[in-house]
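Structural overview for review
What follows is the residue order along each chain.
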Amino acid sequence: MAKFYPQMLMEMELRNFSPRTIYAYVWHLSAFAKMFGKPLDELGENEIRQYLHHLKTVKKVSSSNINVGYCALRFFYEKVLYRVWNIERLPRPKIEKRLPEVLSREDVQTILDAVANLKHQAMLMTTYAAGLRVSETVHLKISDIDSKRMVIRVEQGKGKKDRYTMLSQTLLEKLRAYYQAYRPTLWLFPGSRSDQPIGVESVQKAFQCAKKKSAF
């Protein structure tokens, strides 16, 4: 993988892939090469099929994860090795469609009430009250909270476009209480290092813990 990493990274960055996508593609390529113990340019359709099948039957990962692996391999072979990808012999896996879990206002309040940590409560409340994705919440900066216009600026959100979402008075009061207690300097919700935002996994974990605690 090391041999092709610089070119692979360049091709992904030229297409403005997100850091998360870049990490996922590199991870799958490394796992693919490690599985067969050979250089990537010595592997072909047979090995690709075996790898995808291994993800499904042995690793038992989700269909969306298998699809990411498929996209990573196809991107590498087409854009880095300049090989033709035969869609007939290597069809794209179907992704299982599941209805999202929709929580009522009462459900959300029950979960928030179960959160003892003020920072976690502020993060979750911001996500639900402002209608943000978790990835958008963790990348909010203090300067994104506009209390004069009562809006939140979401930088490079869905579709790589900046947008604004409403800031309720209730959320503003919660954020003010959080700010007084934690005094963040750049990121609204910093991680263990103040110069880095908190990870998506931390927010998801806080939500799952609160959900379990609330017996929801």
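Residues numbered from 1 in each chain as written. Predicted model: local features only at pLDDT ≥ 70, side-chain atom pairs only at ≥ 80, totals over all residues. Heavy atoms only, no water.

**A closer look at the layout of surface pockets**
Here is the rule: Only protein atoms enter the 1 Å grid, on which a cavity is a set of points fitting a 1.4 Å probe that cannot get out and a pocket is an open set with protein on both sides within 12 Å along at least 5 of 7 lines, lining residues being those with an atom within 4 Å of a point. Grid points are joined across faces, edges and corners, and a volume is the space filled by probe spheres set on the points. Secondary structure elements are defined from DSSP: runs of H or I of at least 4 residues count as helices, runs of E of at least 2 residues count as strands, and each element is numbered from the N terminus. Basically, the charged four are Asp, Glu, Lys and Arg, the nonpolar ten are Ala, Val, Leu, Ile, Met, Phe, Trp, Tyr, Cys and Pro, and anything else, Gly included, counts as polar.
In this model, the second largest pocket occupies a volume close to 320 Å³. Around the second largest pocket sit 16 residues that line it, and Leu52, His53, Lys56, Ile66 and Pro93 are the ones nearest its centre. When residues of the lining of the second largest pocket are traced back to their parent elements, those giving at least two are helix H3 (45-57) and helix H4 (63-80). Looking at the lining of the second largest pocket, the element that brings in the most residues is H3, giving four residues. Of the residues assigned to the lining of the second largest pocket, the class counts are seven nonpolar, three polar and six charged.

**Some points on the environment of Pro19**
Note the threshold: Burial classification: accessible surface area is computed with a 1.4 Å probe over protein chains only, and a residue below 20% of its type maximum counts as buried, one above 50% as exposed, and the rest as partly exposed.
Of note, Pro19 is situated in helix H2 (residues 19-36). For Pro19, a relative accessible area of 68% gives the class exposed. Separated by 34 residues in the primary sequence, Pro19 and His53 have C-alpha atoms spaced 26 Å apart.

**Side note on the pairing of strand S2 (residues 151-154)**
Under the convention used in this document: Strand pairing requires that DSSP identify at least two bridges connecting the strands.
Across two bridges, strand S1 (residues 145-146) lies against S2 in antiparallel orientation. Following the sheet pairing, Asp146 is matched in S2 by Val151. Count of turn residues in the S1/S2 antiparallel hairpin: four residues, of which Met150 carries a positive phi of about 55°.

**Notes on the environment of Tyr5**
With respect to the element layout, Tyr5 can be found in helix H1 (residues 5-14). For Tyr5 and Ser30, which are 25 residues apart along the polypeptide, the C-alpha to C-alpha distance reads 9.9 Å.

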